[in-house]
Amino acid sequence: MAIREPVISHVDRAVSAPPRSPGRRRKWGPGFDDGLMGVALLAGPANVIMELARPGVGYGVMESRVESGRADRHPIKRARTTFTYLAVATRGSDEQKKAYRRAVNKSHAQVYSTEDSPVQYNAFDKDLQLWVAACLYKGGVDIARVFIGDMDDDTADRHYRDSMALATTLQVPADMWPADRAAFDRYWQESLDKVHIDDTIREYLYPFAVSRLRGVRFPGQQALERFNLLITTGFLPQRFREEMRLEWNADKQRQFDRLMSRIRFVNNLTPRFIREFPFNLLLRDLDWRIRTGRPLV
């Protein structure tokens, strides 16, 4: 599809950028993002694309020997694993983090390139793990800007410090996490030079972009996929849209903004325990799995 002139939106703003409307900026207390957990699922497919846009991550996931973790074959299980990781990294106890790290390490031990792989990769590569954590943090900021608005500096700095756990819950040492939001922006821009989605990975990722379940067909599927594609593309920074060859223009940006406005209105009226779903249940599920000896990932 033809790529038109890029449209600057919230997803292309630096995380340390000053607020667009300083007078409307609010100070948020601890747990400001609790009400964003449910709507964060909307940006999930976009975040998968961002993570896998680094060839080492993309081919590592696509060629994974861990059958149960294959997102293309077991999307619901993979989603549970990913969302549980987010819940553990941001709200889990030390015991939960240790247990989940051991389980993830066991799976990652089977993920490494072979001589037949187009690129070299290893799931224990700290640079690739840092990239995945950075994508998760960036996606969280984008969600907050859509559904809350700009954070005040104190909230943004606290959220950034807390987000380091997204990296350290894996094998990334704390000193690899950029020192502050400005340093993160420099890291992000430098990392974009390493982003590349080839035809193989693009074909693998497109079903994620439209939230297509493998082997499932139903009436109205094309309309639903167009709807999902609008949301996914809206949460992708322009560089990733271009790599995926997804069209974006001013009309699509307006459609996306109107849709997010409606979802934001409904989300604000929804009871908190629903807004926190499914993250409010995942830590309980994790404790149950630990207690009963069931697989964690």
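Residues numbered from 1 in each chain as written. Predicted model: local features only at pLDDT ≥ 70, side-chain atom pairs only at ≥ 80, totals over all residues. Heavy atoms only, no water.

Engineer: Now, about the side chain of Gln171: what can you tell me, with residues and values included?
Structural biologist: Looking at where Gln171 falls in the secondary structure, it is placed in the loop between α7 (165-168) and α8 (181-192). A polar atom in the side chain of Gln171 sits 2.4 Å from the side chain of Gln129. Apart from the residues lying within four places of it in its own chain, the contact partners of Gln171 are Arg101, Asn105, Phe124, Lys126 and Gln129. (Helix = DSSP H or I, 4+ residues; strand = E, 2+ residues; numbered from the N terminus. Polar contact = N/O pair within 3.5 Å; in protein donor to acceptor, adjacent residues only side chain to side chain. Contact = heavy atoms within 4.5 Å.)

Engineer: Lay out helix α10 (residues 221-234) in plain terms, naming residues and giving numbers.
Structural biologist: Between the first and last C-alpha of α10 there are 20 Å, a value that for 14 residues agrees with the 20 Å anticipated at 1.5 Å per step. Listing the buried residues of α10 in full gives Gln221, Glu225, Asn228, Leu229, Leu230, Ile231, Thr232, Thr233 and Gly234. Here the buried face of α10 lies against α1 (44-52), α9 (199-209), α11 (238-244) and α12 (250-269). (Expected span 1.5 Å × (residues − 1). Buried < 20%, exposed > 50% of the residue type's maximum accessible area, 1.4 Å probe, protein only.)

Engineer: Mind laying out the pattern of salt bridges, listing which residues take part and the relevant values?
Structural biologist: Opposite charge on two side chains allows them to pair when their charged atoms are near. Scanning all chains against the criterion turns up 10 salt bridges. The shortest N-O distance in the salt bridge between Arg202 and Asp199 comes to 2.6 Å. One end of the pair is Arg202 and the other is Asp199, both in helix α9 and 3 residues apart, which spans about a single turn. The salt bridge partner of Asp251 is Arg254, with a shortest N-O separation of 2.3 Å. (Salt bridge = Lys/Arg side-chain N within 4 Å of Asp/Glu carboxyl O.)

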